[in-house]
Amino acid sequence: MPEPGSKKYDVRRARLRKDAEKAGTPDQHANQEANETLQQEEGWGSGGPRTERGRGPKGERPGNEG
(Lines give C-alpha, C1' and ligand atoms only; values in the text may rest on other atoms or scores of the structure.)
Protein backbone atom coordinates (compact mmCIF):
# COMPACT_ATOMS: atom_id res chain seq x y z
CA MET A 1 0.00 0.00 0.00
CA PRO A 2 1.76 3.20 -1.13
CA GLU A 3 1.84 5.97 1.45
CA PRO A 4 1.98 9.74 0.96
CA GLY A 5 5.58 10.72 0.27
CA SER A 6 6.56 7.41 -1.29
CA LYS A 7 7.81 7.31 -4.87
CA LYS A 8 4.85 5.24 -6.06
CA TYR A 9 2.39 7.69 -4.49
CA ASP A 10 4.21 10.69 -6.00
CA VAL A 11 4.27 9.14 -9.49
CA ARG A 12 0.53 8.42 -9.30
CA ARG A 13 -0.16 11.96 -8.02
CA ALA A 14 1.88 13.48 -10.86
CA ARG A 15 -0.07 11.50 -13.45
CA LEU A 16 -3.39 12.49 -11.91
CA ARG A 17 -2.27 16.12 -11.82
CA LYS A 18 -1.26 16.03 -15.49
CA ASP A 19 -4.62 14.50 -16.41
CA ALA A 20 -6.44 17.22 -14.43
CA GLU A 21 -4.42 19.95 -16.17
CA LYS A 22 -5.26 18.46 -19.58
CA ALA A 23 -8.93 18.43 -18.61
CA GLY A 24 -8.78 22.19 -18.00
CA THR A 25 -8.22 22.39 -14.25
CA PRO A 26 -5.96 25.35 -13.33
CA ASP A 27 -2.47 24.50 -12.02
CA GLN A 28 -3.34 25.77 -8.54
CA HIS A 29 -6.19 23.31 -8.17
CA ALA A 30 -4.77 20.34 -10.11
CA ASN A 31 -2.39 19.31 -7.32
CA GLN A 32 -5.11 19.57 -4.68
CA GLU A 33 -7.52 17.59 -6.86
CA ALA A 34 -4.91 14.85 -7.41
CA ASN A 35 -4.23 14.58 -3.65
CA GLU A 36 -7.95 14.38 -2.85
CA THR A 37 -8.44 11.68 -5.50
CA LEU A 38 -5.61 9.57 -4.08
CA GLN A 39 -6.85 9.92 -0.52
CA GLN A 40 -10.32 8.75 -1.56
CA GLU A 41 -9.03 5.72 -3.49
CA GLU A 42 -8.76 2.43 -1.62
CA GLY A 43 -5.26 1.45 -0.55
CA TRP A 44 -3.52 4.80 -1.12
CA GLY A 45 -3.64 6.19 2.41
CA SER A 46 -1.21 5.99 5.28
CA GLY A 47 -0.92 2.61 6.98
CA GLY A 48 -0.03 4.14 10.33
CA PRO A 49 3.01 3.43 12.48
CA ARG A 50 5.02 0.33 11.58
CA THR A 51 6.70 -0.27 14.94
CA GLU A 52 5.73 -0.22 18.61
CA ARG A 53 7.90 2.84 19.07
CA GLY A 54 6.04 4.64 16.31
CA ARG A 55 2.78 4.25 18.23
CA GLY A 56 3.97 6.72 20.88
CA PRO A 57 4.97 6.57 24.55
CA LYS A 58 4.26 3.18 26.10
CA GLY A 59 1.92 4.58 28.76
CA GLU A 60 -0.17 6.46 26.17
CA ARG A 61 -0.69 3.73 23.58
CA PRO A 62 -4.27 2.68 22.86
CA GLY A 63 -5.23 -0.52 24.64
CA ASN A 64 -2.33 -0.30 27.12
CA GLU A 65 -3.43 -0.94 30.67
CA GLY A 66 -0.40 0.43 32.41
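Position numbers for residues count from 1 along each chain, tracking the sequence in the order it is written. A pLDDT threshold of at least 70 governs which residues receive local features in this predicted model, and a stricter bar of 80 or more applies before side-chain atom pairs are shown or counted, although totals over entire chains, interfaces and linings include all residues. Excluding hydrogens and water, the side-chain values take into account all heavy atoms of the structure.

Concerning the overall build of the protein chain
Basically, it comes down to this: Every helix listed is a DSSP run of H or I at least four residues long, and every strand listed is a run of E at least two residues long, numbered separately from the N terminus. Exposure categories follow from relative accessible area, calculated using a 1.4 Å probe and restricted to protein chains: below 20% of the type maximum is buried, above 50% is exposed, and the middle band is partly exposed. Contacts were defined at the residue level, with two residues in contact if any of their heavy atoms lie within 4.5 Å.
Broken down by element type, the protein chain carries two helices and zero strands. Scored against the burial criterion, the 66 residues of the protein chain give a buried share of 15%. Pairs at least 24 residues apart make up 47% of the contacts formed inside the protein chain by residues separated by at least 6 positions.

Here we look at helix α1 (residues 7-22)
Note the cut-off: Expected span, for any helix, means 1.5 Å times one less than how many residues it has. Starting at the helix axis, one direction is taken to each C-beta atom, and the arc is that of these directions.
In this model, α1 (16 residues) spans 23 Å end to end at C-alpha, consistent with the 22 Å of a helix rising 1.5 Å per residue. Of the residues making up α1, those classed as buried are Tyr 9, Leu 16 and Ala 20. For α1, the angular spread of the buried residues around the axis is 40°, confining them to a single face. Seen from the open side of α1, the exposed residues pointing more than 90 degrees away from its buried face are Lys 7, Arg 15 and Lys 22. Against the buried residues of α1 lie α2 (27-40). Downstream of α1 by one or two residues, Gly 24 has phi in the positive range, about 105°.

Overview of the packing of α1 against α2
So the rule is basically this: The axes are straight lines fitted to the C-alpha atoms, using for helices just the contacting stretch, and the angles between their N-to-C directions are given from 0 to 180°. Should an angle lie under 35 degrees it is considered roughly parallel, over 145 roughly antiparallel, and from 65 to 115 roughly perpendicular; all remaining angles are considered oblique. By definition, turning the near helix anticlockwise from the far helix through less than a right angle yields a left-handed crossing, and turning it clockwise yields a right-handed one. For this classification, Asp, Glu, Lys and Arg are treated as charged, while Ala, Val, Leu, Ile, Met, Phe, Trp, Tyr, Cys and Pro are nonpolar and the rest, including Gly, are polar.
The contact between α1 and α2 brings their axes to 8 Å, and the two run at 130°. By the angle between their directions, the pair α1 and α2 is classed as oblique. In the crossing of α1 with α2, the sense of the turn from one axis to the other is right-handed. Contacts between α1 and α2 involve Tyr 9, Arg 12, Arg 13, Leu 16, Arg 17, Ala 20 and Glu 21 from the former and Asp 27, Ala 30, Asn 31, Glu 33, Ala 34, Asn 35, Thr 37, Leu 38 and Gln 39 from the latter. Broken down by class, the residue content of the contact of α1 with α2 amounts to six nonpolar, four polar and six charged.

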